[in-house]
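Summary of structural features
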Amino acid sequence: LCENPERRWLQTPRSSGIGIRWGTGCYRRNRYWNHYYVTIGGLDLKKIYILDTSVLVHDPRALTEFEDNDIVIPIAVVEEIDGHKKRQDEVGRNARWVSAFLDKLRAVGHLDEGVSLGKQKGKIRVELNHQEIEKLPPTLDRNKVDNRIIAVAYALKKESQTPVILVTKDINMRIKADALGIS
């Protein structure tokens, strides 16, 4: 619970580089993200973070750093991670770590329904649906993986009251997402 909300400039995840806003709420910080928790009636409003491949191959531990927020990994990201596993560099090592981590979670529950990451932690799930690419502008190539990931974020944003945030290190993907109104 937020006991002392304060008004200040707030920024979304550092890797996004966008989303500076003025607002009232609790401000907590950890190693990876500047978290802004919106408070409504004294309760924190959870967020849904959609992770891109670029974040996971850069630092796979990001999977566990979103506190009590939910994490969605589009199936297209799992496919890209699978393609990176054979590499003999840090990207390959991180891709193997992500695959092993998701495999351990599979033993706990169904990833398509969401698996809890622990007490006071959110859920992580692999999103198989919501790839309604036809709802995106026709100028976006439907065969590009980035656009399929954006389609997942766009569909979840349209159907959910929970704030949806796409986390990526890809500049052009952030630009496209911002043009569609996705944080």
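Residues numbered from 1 in each chain as written. Predicted model: local features only at pLDDT ≥ 70, side-chain atom pairs only at ≥ 80, totals over all residues. Heavy atoms only, no water.

**Remarks on helix H4 (residues 145-159)**
For the record, the criterion: Each helix corresponds to a stretch of at least 4 residues labelled H or I by DSSP, and each strand to a stretch of at least 2 residues labelled E; elements are numbered beginning at the N terminus. Multiplying 1.5 Å by the helix residue count minus one yields the expected span of that helix. With a 1.4 Å probe rolled over the protein chains alone, any residue whose accessible area is under 20% of its type maximum counts as buried; one over 50% counts as exposed, and the rest are partly exposed. Every residue pair with non-hydrogen atoms within 4.5 Å of one another is taken to be in contact.
Relative to the 21 Å expected for 15 residues at 1.5 Å per residue, H4 spans 22 Å between its end C-alpha atoms, a close match to the ideal helical length. Turning to H4, its buried residues are Asp 146, Asn 147, Ile 149, Ile 150, Ala 151, Val 152, Ala 153, Tyr 154, Ala 155 and Leu 156. Buried residues in H4 make contact with strand S5 (48-51), strand S6 (70-74), helix H2 (75-84), strand S8 (123-127), strand S9 (164-167) and helix H5 (171-179).

**As for the environment of Phe 66**
Here Phe 66 shows up in the loop between helix H1 (53-58) and S6. Judged by relative accessible area, Phe 66 falls into the buried class, the value being 1%. For the pair Phe 66 and Gly 122, spaced 56 residues apart in sequence, the C-alpha to C-alpha distance is 7.4 Å.

**A few points about the pattern of salt bridges**
Selection criterion: By convention in these notes, a salt bridge is any Lys or Arg side-chain nitrogen within 4 Å of a carboxyl oxygen on Asp or Glu.
The tally for this structure, following the rule as stated, stands at seven salt bridges. Here Arg 148 and Glu 79 are joined by a salt bridge, their closest N and O atoms 3.2 Å apart. Highlighted residues: Arg 148 in helix H4 and Glu 79 in helix H2, separated in sequence by 69 residues. Between Glu 127 and Arg 125 there is a salt bridge, with its nearest N and O atoms 2.3 Å apart. Residue Arg 125 is classed as partly exposed on the basis of its relative accessible area of 24%.

**Observations concerning the packing of aromatic side chains**
Our working rule: Within 6.5 Å between ring centres, the rings of Phe, Tyr and Trp (the latter by its six-membered ring) count as paired, and their orientation is classed by plane angle as stacked under 30 degrees, edge-to-face over 60, tilted in between.
In this structure the tally under the stated criterion is two aromatic pairs. Between Tyr 49 and Phe 66, the ring centres sit 4.4 Å apart and the planes meet at 40°, which makes this aromatic pair tilted. Of this pair, Tyr 49 sits in strand S5 while Phe 66 sits in the loop between H1 and S6, and the two are 17 residues apart along the sequence. Of the two residues, Tyr 49 and Phe 66, neither departs from the other in class, the shared state being buried. A ring pair is formed by Trp 97 and Phe 101, whose centres lie 5.2 Å apart and whose planes are at 10°; its orientation type is stacked. Linking Trp 97 with Phe 101, this pair stays in helix H3 (residues 90-108), spanning four residues, or about one helical turn.

**What to know about the packing of H4 against H5**
Applied cut-off: Only the contacting stretch of a helix is used when fitting its axis, a line to C-alpha atoms as for every element, and angles between N-to-C directions run 0 to 180 degrees. Each crossing is labelled by how the near helix is turned from the far one, with a counterclockwise turn of less than a right angle marking it left-handed and a clockwise turn marking it right-handed. Each residue is assigned to one class: nonpolar for Ala, Val, Leu, Ile, Met, Phe, Trp, Tyr, Cys and Pro, charged for Asp, Glu, Lys and Arg, and polar for all the others, Gly among them.
The contact between H4 and H5 brings their axes to 10 Å, and the two run at 40°. Both H4 and H5 take part in a crossing whose hand is right-handed. Between H4 and H5, the contacting residues are Asp 146, Asn 147, Ile 149 and Ile 150 on the first element and Met 173, Lys 176 and Ala 177 on the second. Along the lines of polarity and charge, the residues of the contact of H4 with H5 split into four nonpolar, one polar and two charged.

**Details of the sheet that holds S8**
Backbone-to-backbone hydrogen bonds pair the strands of a sheet. The strands run either parallel or antiparallel. Worth spelling out the cut-off: Note: two strands are recorded as paired if DSSP finds a minimum of 2 bridges between them.
If you trace the five strands from one edge of the open sheet to the other, you get S7-S8-S6-S5-S9, paired in mixed fashion. Unpaired on one side and paired on the other, strand S7 (115-116) and S9 mark the two borders of the sheet. The sheet contact formed by S5 and S6 spans three bridges and is parallel. By the bridge assignment for S6, Tyr 49 is matched with Ile 71.

**So, the nonpolar core**
Heads up, the condition is: Side-chain atoms within 4.5 Å are what join buried Ala, Val, Leu, Ile, Met, Phe, Trp, Tyr and Cys residues into a set we call a nonpolar core.
Residues Ile 50, Leu 63, Leu 136, Leu 166 and Ile 182 are the most contacted members of the largest nonpolar core, which totals 44 residues. Take this core: its biggest share by element is seven residues, from H4.

**Describing unusual backbone geometry**
Look at Glu 67: it is not a glycine, yet its phi comes out positive at around 50°. With respect to the helices and strands, Glu 67 occurs in the loop between H1 and S6. Classification of Glu 67 as partly exposed rests on a relative accessible area of 21%. We note that Gln 120 has phi near 55°; this positive angle belongs to a residue other than glycine. With respect to the helices and strands, Gln 120 occurs in the loop between S7 and S8. Look at Gln 120 and you get exposed, because its relative accessible area is 74%.

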